Amino acid sequence: MAVQILNESTEPTPGLLDVNNLEVVYNDSVVALRGVSITVPEGGFVSVLGTNGAGKTTLIRAITSLLFVHKGKIRDGEIELRGKRIAGSDSAKIVKAGICQVPEGRMLFPSLTVEENLRIGSSSRRNRAEINSDIERMFDLFPQIASRRKDVAGWLSGGEQQMVAVGRALMARPALLICDELSLGLAPQIVHTLFELLKQINQDEGTSILLIEQNARMALQYSKYAYILETGRVVLDGPSDVLESNEDVQEFYLGGAGEAAEAYATIKHYKKRKRWLL
Ligand SMILES: Nc1ncnc2c1ncn2[C@@H]1O[C@H](COP(=O)(O)OP(=O)(O)O)[C@@H](O)[C@H]1O
Ligand SMILES: [Mg+2]
């Protein structure tokens, strides 16, 4: 008789961030998220992958309470930070509670210096001595921008600007750092450098990381757990190494097929149909 091996407990462990069944609409008409649930554990390194328009930025806007700026609304679901509901809170309070993002497109102040941009990230804090020592810590973490501290940010290369953007977010000392498409427009080597830095911050300081990426190949190499988002739904999730070796994920996301390829859900549907036809 076959011996059935019981799975380990499937009881959900409470996360640092828990998004449950989130539904978001824009202009009371466009549904951008349709029941999305994700968890970032304390000290976790999680990625949310998806092509253009999947709903990645919308998810961040919902978490950071910036949907209203874009005429978006949470229609259903919950967002909890360490078990406390945060959906709809004031966005400044969410930063204070420990969530900070590196926004898509970096959004630096190009005419302010590198150091001034970093200081902006500490605006929710009061202790000047601590802020000053954190500024130096940022230059230790990102030696490439240390020599540029008095230069205006607009002069820096794309990779250096992204380092400033990450540093600025870290200046708030977040428990959770959310990065929206950090890799966009950057050379692979620079993306590796940035992701290595995130790994270091995650390991050495325990900062949890939520990486939102189109670059699935790179993100899966660094995150421990990943979700794949398509047209507002999570279509697959699992440990990053498991997803990396998943045949369908390889076919669609890692095969270099790009956006011209069929969506993961379409492939699944096609395969199911094919199996059914056989
Ligand atoms: N301000 C907005 N108003 C209306 N629709 C929007 C707005 N922002 C995004 N959307 C729509 O929501 C969906 C998800 O967009 P987005 O979250 O930006 O995706 P991603 O970041 O994955 O590229 C898309 O269909 C997009 O057109
Ligand atoms: Mg986006």
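What you see is a predicted model; the values in this text were computed from it and never measured.

**Some words on the overall build of the protein**
Right, on to step 1. When you go through the protein residue by residue, the secondary structure sums to 11 helices and 10 strands.
Right, on to step 2. Per-residue burial over the protein gives 45% buried out of 278 residues.
Right, on to step 3. In the protein, once contacts between residues fewer than 6 apart in sequence are set aside, the share between residues at least 24 apart is 67%.
Right, on to step 4. Of the roughly 14,500 Å² of accessible surface on the protein, a fraction of 52% belongs to carbon and sulfur atoms.

**Quick look at the packing of aromatic side chains**
Right, on to step 1. Going through the model one piece at a time under the given rule, you end up with 2 aromatic pairs.
Right, on to step 2. Centre to centre, the rings of F195 and Y222 are 5.5 Å apart; their planes meet at 80 degrees, and the pair counts as edge-to-face. Placement of F195 in helix 7 (residues 188–205) and of Y222 in helix 8 (residues 216–222) is noted, with a sequence separation of 27 residues between them.
Right, on to step 3. Given a relative accessible area of 0%, F195 falls into the buried group.
Right, on to step 4. Under the relative-accessibility criterion, Y222 is labelled buried at 9%.

**Quick notes on the pairing of strand 4 (residues 72–81)**
Right, on to step 1. Across 8 bridges, the pairing between strand 1 (residues 17–26) and strand 4 is antiparallel. Across the sheet, residue V25 finds its bridge partner in strand 4, namely K73.
Right, on to step 2. Alignment of strand 4 against strand 5 (residues 84–85), held across 2 bridges, turns out to be antiparallel. In the strand pairing of strand 5, L81 is matched with K84.
Right, on to step 3. Turn length for the strand 4-strand 5 hairpin, with the two strands adjacent in sequence and antiparallel, is 2 residues, and the turn residue R82 shows positive phi of about 45 degrees.

**Notes on the confidence of the model for the protein**
Right, on to step 1. Scored by pLDDT, the protein has a mean of 88; 86% of the residues are at 70 or more.
Right, on to step 2. Across residues 257–261 the pLDDT falls below 50, and counting only partners more than four positions away or on other chains, this stretch makes 7 contacts in the model.
Right, on to step 3. Every residue in residues 273–278 is under pLDDT 50, and counting partners more than four places away or in other chains gives 0 contacts.

**Some points on the nonpolar core**
Right, on to step 1. Residues F142, V166, L177, F195 and L198 are the most contacted members of the largest nonpolar core, which totals 49 residues.
Right, on to step 2. Residues in contact with V166, not counting those within four places in the same chain, are V102, F142, L177, L182, L194 and L198.
Right, on to step 3. Counting 31 residues, the second largest nonpolar core, distinct from the first, contains V19, V36, L81 and L210.

**Remarks on the state of the cysteines**
Right, on to step 1. Here the structure, examined in full by the defined rule, presents 0 disulfides.
Right, on to step 2. Free of any disulfide, C100 has its nearest neighbouring cysteine sulfur in C179, separated by 9.9 Å.

**Regarding the site of ligand 1**
Right, on to step 1. Within the structure, ligand 1 sits among 13 residues, and G53, G55, K56, T57 and T58 are positioned closest to it.
Right, on to step 2. Here R61 contributes a side-chain N or O atom positioned 3.3 Å from a nitrogen atom of ligand 1.
Right, on to step 3. At 3.4 Å, a backbone N or O of H70 approaches a nitrogen atom of ligand 1.
Right, on to step 4. Considered on its own, ligand 1 offers 560 Å² of accessible surface; in the complex 68% of this is hidden by protein.

**Digging into the environment of V24**
Right, on to step 1. Locating V24 in the fold gives a position in strand 1.
Right, on to step 2. Given the relative accessible area of 0%, V24 is considered buried.
Right, on to step 3. With 35 residues separating them in the primary sequence, V24 and L59 have C-alpha atoms 8.3 Å apart.
Right, on to step 4. The contact partners of V24, leaving out residues within four places of it in the chain, are V30, V31, A32, L33, T58, A62, L67, K73 and I74.

**Quick word on unusual backbone geometry**
Across residues other than glycine, the phi torsion is negative in most instances, and most of the peptide bonds are trans.
Right, on to step 1. With a phi angle near 50 degrees, N27 is a residue other than glycine that sits in the positive phi range.
Right, on to step 2. In this structure, S65 is a non-glycine residue whose phi angle is positive, near 60 degrees.
Right, on to step 3. Here S65 lies in the loop between helix 1 (56–63) and strand 4.

**Focus on the side chain of N117**
Right, on to step 1. Inspection of the secondary structure puts N117 in helix 3 (residues 114–120).
Right, on to step 2. Relative accessible area serves as the criterion here: at 0%, N117 is assigned to the buried category.
Right, on to step 3. Of note is the side chain of N117, whose polar atom sits 3.3 Å from the backbone oxygen of L112.
Right, on to step 4. Here N117 is in contact with L108, F109, L112, A153, V164 and R168, once residues within four sequence places are set aside.

Reading guide: rules and limits
Residues numbered from 1 in each chain as written. Chains lettered and ligands numbered in written order. Predicted model: local features only at pLDDT ≥ 70, side-chain atom pairs only at ≥ 80, totals over all residues. Heavy atoms only, no water. Helix = DSSP H or I, 4+ residues; strand = E, 2+ residues; numbered from the N terminus. Buried < 20%, exposed > 50% of the residue type's maximum accessible area, 1.4 Å probe, protein only. Contact = heavy atoms within 4.5 Å. Areas by Shrake-Rupley, 256 points an atom, 1.4 Å probe, with all protein chains shown as cover. Phe/Tyr/Trp six-rings, centres within 6.5 Å; stacked < 30°, edge-to-face > 60°. Pairing = 2+ DSSP bridges. pLDDT = per-residue confidence, 0-100. Core = buried A, V, L, I, M, F, W, Y, C linked by side-chain atoms within 4.5 Å. Disulfide = S-S within 2.5 Å. Near = heavy atom within 4 Å. Polar contact = N/O pair within 3.5 Å; in protein donor to acceptor, adjacent residues only side chain to side chain.

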